[in-house]
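Geometric and topological summary
Each chain, written out:
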Amino acid sequence: MKRPARRLAFFGYLGSGNIGNDASLETVLAWLNSHHPHMEVRCISVAPAGVTLRFGIPSVPMTWHSPYHRARGMTEAFAKLFGRLVDIARSYALAGSADAVIVPGMGVLEDSLRVRPWGVPFSLFLMAAACRLRRRPFVLLDVGAEYAANRLTRRLNVATVNRATHVSYRDLASAAAMARAGARAPEAIAPDLVFAHPAPKLAEPERGRLVVGVMAYYGPEDDPVRGAAVRRRYVATMAEALARLTDGGDHVVLVSGDGVDVDVAHEIRTAVFAQRPRLRARAVVVREFTTFTELTDEMRGAEVVVASRFHNLICALRLARPTVSVGYARKNRHVMQALSLDEYCQDIAELDADRLVTQIQSARDNGQRLSTGIRRVTSEYADKVESLLERVSEETLGRPQSLTHTIDLPDERDSSGELDLPGEVDAWHGS
């Protein structure tokens, strides 16, 4: 009897408009399509409609109670509590409906921007625990991590890691943070998945073209109310630096890394023209993208890139563009330090216009040297990511004997080869 195709579920903050998160999924999907074209894939996501629209794969919500539909007061509190109880059963059912669950990269164990323990950390833990109970592989594939300040978040993250079949981190700092928290050692440490993204790289830079990746930054709490002044300062400082650069003839392209950044890009452009009312309209433009490939196409022609979102930074570096990081988290500095580019880093919360102008000018003056050094290091990164994917495939997915050993509970497939899924989980087939 022909064995049914293996079913792989991706889990994470996907489809919601974050270009970098979706690029991580795109990288793994492209590799699977090349090496395991008959694998059936689906997604468990915070934005299932976005995943299905973007990738054309079935998707179901990560949680019963949607974070995008909120009531007020006690109604909302009850909905969250009830939803979390329902999620225990949902996670168990979802884990049983796939041959393996993979978290494809992303900073799922990070603590940089307003992480609440009952949000993604709890969802990750539920899925890891459910996979352990169902004897399904749960893979934390090349993820980012930090030492969580909140004790409950930290304990949930450690419990998730300790229940995973495979854990790999995208840098040494992530591994060190989780070791400090008490998690087990990882199977591997490799460069970020997106260094192996299939988008093309080759292009000649255009002199004077400055691509600036901006961010809707409200401080580490990511609170639009309390952090409004932080955002205003960032917009004003960035606009001041860019206005001065246009005086020298630079053509500035403002891009985002997430849908929430678009308004900030337009605010910065407006602020630049308020300072330089006679500036030509095309001297500063905003480009809106939804995919990493579109972002890559824009950055390929840049003489210099300024990046805040982590995967905007990865996009620039994989293209070997001279890059300045205006980072909101330590991960930006870590990847720049690995490439000996520490002098081209700033903290977004302490952005200094004079220093930014100096850094951009230095990156331009030393462009050839910087590009050569970046290319020498990042040329190896894609190969390392490919090796990691091959290892995970062999250990978790690719060898029948491995899966037979790992999954020794009865399968839920009926005689037709279809999965007998309870309740809402049957939405796999209707997505």
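The structure displayed is predicted, hence computed values, not measured ones. (Residues numbered from 1 in each chain as written. Predicted model: local features only at pLDDT ≥ 70, side-chain atom pairs only at ≥ 80, totals over all residues. Heavy atoms only, no water.)

**Digging into the overall build of the chain**
Counting its secondary structure elements, the chain contains 14 helices and 13 strands. Out of the 431 residues belonging to the chain, those deemed buried represent 57%. For the chain, the share of sequence-separated contacts (at least 6 apart) that also reach a separation of at least 24 residues comes to 71%. Counting only carbon and sulfur atoms, one obtains 52% of the accessible surface of the chain, whose full area is about 18900 Å². (Helix = DSSP H or I, 4+ residues; strand = E, 2+ residues; numbered from the N terminus. Buried < 20%, exposed > 50% of the residue type's maximum accessible area, 1.4 Å probe, protein only. Contact = heavy atoms within 4.5 Å. Areas by Shrake-Rupley, 256 points an atom, 1.4 Å probe, with all protein chains shown as cover.)

**Some words on unusual backbone geometry**
With a phi close to 75 degrees, Met 106 is a non-glycine residue in the positive phi region. Here Met 106 is to be found in the loop between strand 4 (100-104) and helix 4 (120-134). Using a relative accessible area of 2% as the deciding quantity, one classes Met 106 as buried. Here Ser 340, not a glycine, exhibits a phi torsion of approximately 60 degrees, which is positive. With respect to the helices, strands and loops of the structure, Ser 340 is situated in the loop between helix 11 (330-338) and strand 13 (345-347).

**Observations concerning helix 8 (residues 262-275)**
Along its 14 residues, helix 8 runs 21 Å from first to last C-alpha, staying within 8% of the 20 Å computed at 1.5 Å per residue. Residues of helix 8 that are buried make contact with helix 7 (228-247), strand 9 (251-255) and strand 10 (284-286). (Expected span 1.5 Å × (residues − 1).)

**Observations concerning the sheet that holds strand 9**
Taken together, six strands build an open sheet; the order of strands is 10-9-8-11-12-13 and the sheet is parallel. Of all strands in the sheet, those bounded by a partner on one side alone are strand 10 and strand 13. Across this sheet, the average inter-strand angle for adjacent strands is 15 degrees, counted without regard to direction. Judged from the three bridges that link them, strand 11 (residues 304-307) and strand 12 (residues 323-327) form a sheet pairing that is parallel. Opposite Val 305, over in strand 12, you have Thr 323 as the bridge partner. Here helix 10 (residues 310-318) sits on the sheet and contacts strand 8 (209-213), strand 9, strand 11 and strand 12; the angle it forms with strand 12, its principal contact strand, is near 170 degrees. (Pairing = 2+ DSSP bridges. Axes fitted to C-alpha atoms, helices over the stretch in contact; angles between N-to-C directions.)

**Considerations on the pattern of salt bridges**
Inspection of the entire model under this criterion finds 22 salt bridges. Two residues, Arg 364 and Asp 250, come together in a salt bridge whose shortest N-O distance is 2.6 Å. One end of the pair, Arg 364, is in helix 12 (residues 353-365); the other, Asp 250, is in the loop between helix 7 and strand 9, and 114 residues separate them in sequence. By the burial criterion, Arg 364 is buried, and Asp 250 matches it. We note a salt bridge from Arg 300 to Asp 297, for which the minimum N-O separation is 3.7 Å. Each of Glu 110, Arg 170, Asp 192 and Lys 331 takes part in salt bridges that share partners, so that together they form one network. (Salt bridge = Lys/Arg side-chain N within 4 Å of Asp/Glu carboxyl O.)

**Quick notes on the environment of Asp 87**
Assignment of secondary structure puts Asp 87 in helix 3 (residues 73-96). What makes Asp 87 buried here is its relative accessible area of 3%. Taking the C-alpha atoms as reference points, Asp 87 and Met 127, 40 residues apart in sequence, are found 9.4 Å from one another. If we skip the residues at most four places from it in the chain, Asp 87 touches Met 62, Thr 63, Trp 64 and Leu 126.

**A look at the packing of helix 9 (residues 292-299) against helix 10**
Two elements in contact, helix 9 and helix 10, have axes separated by 10 Å at closest approach and are oriented at 50 degrees. On the basis of their axis angle, the class for helix 9 and helix 10 is oblique. In the crossing of helix 9 with helix 10, the sense of the turn from one axis to the other is right-handed. Here Phe 292, Leu 295, Thr 296 and Met 299 of helix 9 come into contact with helix 10, specifically with His 311, Asn 312, Cys 315, Ala 316 and Arg 318. Grouping the constituent residues of the contact of helix 9 with helix 10 by class yields five nonpolar, three polar and one charged. (Parallel < 35°, antiparallel > 145°, perpendicular 65-115°, else oblique. Left-handed = near helix turned anticlockwise from the far one by under 90°. Nonpolar A, V, L, I, M, F, W, Y, C, P; charged D, E, K, R; others polar.)

**Regarding the nonpolar core**
Ranked by size, the top nonpolar core spans 71 residues in total, and within it Leu 242, Leu 254 and Ile 268 carry the most contacts. Element by element, the count of residues in this core is highest for helix 7, at eight residues. If sequence neighbours within four positions are ignored, Leu 242 has contacts with Leu 210, Val 212, Val 252, Leu 254, Ile 268 and Val 272. (Core = buried A, V, L, I, M, F, W, Y, C linked by side-chain atoms within 4.5 Å.)

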